[in-house]
Amino acid sequence: MRLTSVIVLLWLIIGAIAAGQRHYYSSGPKNCSQAGTLLVTIIAGPLNYTGVNPKISCKTPQPSK
């Protein structure tokens, strides 16, 4: 259990470093697509360095006029 926790923590740290290298922290997420992309990049962890470039697109319904 302890080894698993260390591996998961390292995985997420590597993902956070990859997000930083892509400058996702330079300005906070302005919409759900940017927030989703940041989150998925962190979760992808070391896979970012194997060519994985996760992107999320989401559309929120517009309010009626």
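Throughout what follows, the structure given in this document is the object of discussion. (Residues numbered from 1 in each chain as written. Predicted model: local features only at pLDDT ≥ 70, side-chain atom pairs only at ≥ 80, totals over all residues. Heavy atoms only, no water.)

Considering a nonpolar patch on the surface
As a reminder of what qualifies: Exposure above 30% relative accessible area and the absence of a salt bridge qualify a residue for a patch, where like charges join within 9 Å and nonpolar side chains (Val, Leu, Ile, Met, Phe, Trp, Tyr) within 5 Å. For the area figures, the Shrake-Rupley method with a 1.4 Å probe applies, and any residue is considered shielded solely by the protein chains shown. Here, a salt bridge means any Lys or Arg side-chain nitrogen found within 4 Å of an Asp or Glu carboxyl oxygen. Numbering goes from the N terminus for both helices and strands, where a helix is a DSSP run of H or I of at least four residues and a strand is a run of E of at least two.
On the surface, Val-6, Leu-9, Leu-10, Ile-13, Ile-14, Ile-17 and Tyr-49 cluster together into a nonpolar patch covering about 620 Å² of accessible area. When you line up the elements, Ile-13 lands in helix 1 (residues 2–21).

Here's the deal with the packing of helix 1 against helix 2 (residues 32–44)
Any two packed helices are characterised by how steeply their axes cross, that is the angle between the axes, and by the distance between the axes. The cut-off we apply is this: Note on geometry: axes are C-alpha line fits, over the in-contact stretch for helices, and angles between N-to-C directions span 0 to 180 degrees. Each angle receives one of four descriptions, namely roughly parallel if under 35 degrees, roughly antiparallel if over 145, roughly perpendicular if within 65 to 115, and oblique otherwise. Left-handed describes a crossing whose near helix is turned anticlockwise from the far helix through less than a right angle; right-handed describes the clockwise counterpart. When checking whether two residues touch, look at their non-hydrogen atoms; a contact exists if any pair is within 4.5 Å. In this classification, the charged set is Asp, Glu, Lys and Arg, the nonpolar set is Ala, Val, Leu, Ile, Met, Phe, Trp, Tyr, Cys and Pro, and all remaining amino acids, among them Gly, are polar.
At a minimum axis separation of 6 Å, helix 1 and helix 2 run at an interaxial angle of 135°. By the angle between their axes, helix 1 is oblique relative to helix 2. Judged by the sense of rotation from one axis to the other, the crossing of helix 1 with helix 2 is right-handed. Between helix 1 and helix 2, the residues in contact are Trp-11, Leu-12, Gly-15, Ala-16, Ala-18 and Ala-19 and Leu-38, Thr-41, Ile-42, Ile-43 and Ala-44, respectively. Within the contact of helix 1 with helix 2, the residues separate by chemical class into nine nonpolar, two polar and no charged.

Structural notes on the environment of Val-52
The cut-off we apply is this: Note on exposure labels: buried denotes an accessible area under 20% of the residue type's maximum, exposed denotes more than 50%, and partly exposed covers the range between, all computed with a 1.4 Å probe on protein chains only.
Inspection of the secondary structure assignment puts Val-52 in the segment after helix 2. Under the relative-accessibility criterion, Val-52 is labelled partly exposed at 32%. It is 40 Å that separates the C-alpha atoms of Val-52 and Lys-65, two residues lying 13 residues apart in sequence. Ignoring sequence-local partners within four residues, the contact set of Val-52 consists of Arg-22 and Leu-47.

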